[in-house]
Amino acid sequence: MSTIVAQSAAIEPVRPRPSDVCLSSGSNSSTPLTLRHKPETVELSHFNGLNPEAWLFQAERYFEFYNILPDHQLSLASFYLDGEVPDWYRWMFRNKQLIDWPHFAGKIRIRFRDQSLRSPEGRLSKLLQITTVADFRARFEAIANESVSLPEVMLVECFISGLKMDIQTEVAIRGPTTLEKAIRLAYLYEQKIDMARGPIRPAFARTQPLLPNPTGPTSIVVSKPIASSSHLPKIPFKRLSTTELQSRREKGLCYNCDEKYTPNLNAKHFPSYSLKIPPSQQLSYLSHSHRRISLLKNFSS
């Protein structure tokens, strides 16, 4: 029983003790004020097989913060495994393929690394900005953390070449030598371009119509179709020569038939129409009609 207690005590992380901070109470007093600082509890997240580099980095910081001995790091990390990782760990443990924490960390990188055929360096060189600089930076750093072999100059070139063309040109002119400076310039020129474009109007914003909307009830005017020539009454028409006209005039015959001409004879050959004339124009119209009738009589005679 004592052996089990001793082993659990050895594995349990040694939590930092509260540190004392001394402050001066003032110029008139020589006794310093002592404030006790209690550090926050640091927790190690569970590893479920995703993003192994991030979890390994957090685990190493956890071991360093709590001063975990190297002989206990592997045993402590085994309690922070989820999903399919514990089954894999149990298989490695039973087959005696686990040595220490560095060896275990290497096995995790091999087993749970990204199965993409392209290397992190290749994906980093093909990465392009789609939306904002902040989104592009987050994706860039996530891929860059998978590789530690790229020099600073290569990282700067990959970052600048992935920016949008308008931002890329402005940043490249400045010639930044560090990744931090290139990111800062990208943020600045993005803000400059957005300010030059003006505020973005939302897609659902209503605009003024080109023509004013009618205020009263609308009325639809339907025009009556014009009757075609096939529906109009056909008037008999006969072309007479000069000799025939002279002969009919001497005999007093009608030009359209062989009957004697009388003033009421035209009613047999032509349809009658009624014409509505306003009272104010009836007098002028009658005088004009009398003059026209007299002219026709003189012409026929």
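Everything numeric in this text was worked out from a predicted model, so none of it was measured.

Cut-off values and rules
- Residues numbered from 1 in each chain as written.
- Predicted model: local features only at pLDDT ≥ 70, side-chain atom pairs only at ≥ 80, totals over all residues.
- Heavy atoms only, no water.
- Helix = DSSP H or I, 4+ residues; strand = E, 2+ residues; numbered from the N terminus.
- Buried < 20%, exposed > 50% of the residue type's maximum accessible area, 1.4 Å probe, protein only.
- Core = buried A, V, L, I, M, F, W, Y, C linked by side-chain atoms within 4.5 Å.
- Contact = heavy atoms within 4.5 Å.
- Lys, Arg positive; Asp, Glu negative; His and termini not counted.
- Salt bridge = Lys/Arg side-chain N within 4 Å of Asp/Glu carboxyl O.
- Polar contact = N/O pair within 3.5 Å; in protein donor to acceptor, adjacent residues only side chain to side chain.
- Axes fitted to C-alpha atoms, helices over the stretch in contact; angles between N-to-C directions.
- Parallel < 35°, antiparallel > 145°, perpendicular 65-115°, else oblique.
- Left-handed = near helix turned anticlockwise from the far one by under 90°.
- Nonpolar A, V, L, I, M, F, W, Y, C, P; charged D, E, K, R; others polar.
- pLDDT = per-residue confidence, 0-100.
- Expected span 1.5 Å × (residues − 1).

1. Regarding the overall build of the chain
Move 1: Along the backbone of the chain there are 13 helices and two strands.
Move 2: When each of the 301 residues of the chain is scored for burial, the buried share is 21%.

2. As for the nonpolar core
Grouped burial of nonpolar side chains is what soluble globular proteins tend to show.
Move 1: Counting residues in hydrophobic clusters, the biggest one holds 24 residues, and the most contacted among them are Trp55, Phe63, Trp88, Trp101, Phe104 and Ile108.
Move 2: When residues of this core are traced back to their parent elements, those giving at least two are helix 2 (52-65), helix 3 (70-77), helix 4 (85-94) and helix 5 (101-112).
Move 3: Those residues within four positions of phenylalanine 63 in sequence are excluded, and the remaining contacts are Ile68, Gln73, Leu76, Ala77 and Trp101.

3. As for the side chain of glutamate 190
Move 1: Secondary-structure assignment places glutamate 190 in helix 10 (residues 179-197).
Move 2: Lysine 164 provides the closest opposite charge to the buried, unpaired glutamate 190, separated from it by 6.3 Å.
Move 3: At 3.1 Å, the side chain of glutamate 190 forms a polar contact with the backbone nitrogen of valine 133.
Move 4: Excluding residues that lie within four positions of it along the chain, glutamate 190 makes contacts with Gln129, Thr132, Val133 and Ile167.

4. With respect to the packing of helix 2 against helix 5
Move 1: Running from N to C, helix 2 and helix 5 cross one another at 165 degrees; their axes reach a closest spacing of 10 Å. Judged by the angle between their axes, helix 2 and helix 5 are roughly antiparallel. When you trace helix 2 past helix 5, the crossing you get is right-handed. Contacts between helix 2 and helix 5 pair Pro52, Glu53, Trp55, Leu56, Ala59, Glu60 and Phe63 from the former with Trp101, Ala105, Ile108, Arg109 and Phe112 from the latter.
Move 2: Residue composition of the contact of helix 2 with helix 5, grouped by class: nine nonpolar, no polar and three charged.

5. Thoughts on unusual backbone geometry
Move 1: Backbone geometry places asparagine 67, a non-glycine residue, at a positive phi of 55 degrees.
Move 2: Structurally, the position occupied by asparagine 67 is in the loop between helix 2 and helix 3.
Move 3: The class of asparagine 67 is exposed, set by a relative accessible area of 54%.
Move 4: Residues other than glycine seldom take positive phi values, yet lysine 96 does so here, at roughly 55 degrees.
Move 5: Its location among the elements puts lysine 96 in the loop between helix 4 and helix 5.

6. Re the confidence of the model for the chain
Move 1: Taken over all residues, the pLDDT of the chain has a mean of 75, while the share at 70 or more is 60%.
Move 2: Confidence over residues 20-25 falls short of pLDDT 50; this stretch has 13 contacts with residues more than four positions distant or in other chains.

7. Here we look at the pattern of salt bridges
Move 1: Evaluation of the coordinates by the stated rule reveals seven salt bridges.
Move 2: Taking the shortest distance from any N to any O, the salt bridge between arginine 90 and aspartate 87 comes out at 2.8 Å. With arginine 90 and aspartate 87 both in helix 4 and three residues apart, this pair spans about one turn of that helix.

8. Concerning the environment of valine 42
Move 1: Tracing the backbone through its elements, the reader meets valine 42 in the loop between strand 2 (33-37) and helix 2.
Move 2: The spacing of valine 42 and phenylalanine 65 is 23 residues in sequence and 8.4 Å in space, taken between C-alpha atoms.

9. Things to note about helix 7 (residues 133-144)
Move 1: With 12 residues, helix 7 extends 16 Å between its outermost C-alpha atoms, agreeing within 8% with the 16 Å of an ideal straight helix rising 1.5 Å per residue.
Move 2: Tucked inside the fold, the buried residues of helix 7 contact helix 6 (120-126), helix 8 (152-161), helix 9 (165-174) and helix 10.

10. What about the packing of helix 9 against helix 10?
Move 1: Direction vectors running N to C along helix 9 and helix 10 enclose 130 degrees, while the axes themselves pass 9 Å from each other. The pairing of helix 9 with helix 10 is recorded here as oblique in orientation. Along this stretch, helix 9 crosses helix 10, giving a crossing that reads as right-handed. Contact residues: helix 9 offers Asp166, Ile167, Glu170, Val171 and Arg174, while helix 10 offers Ala182, Leu185, Ala186, Tyr189, Glu190, Ile193 and Arg197.

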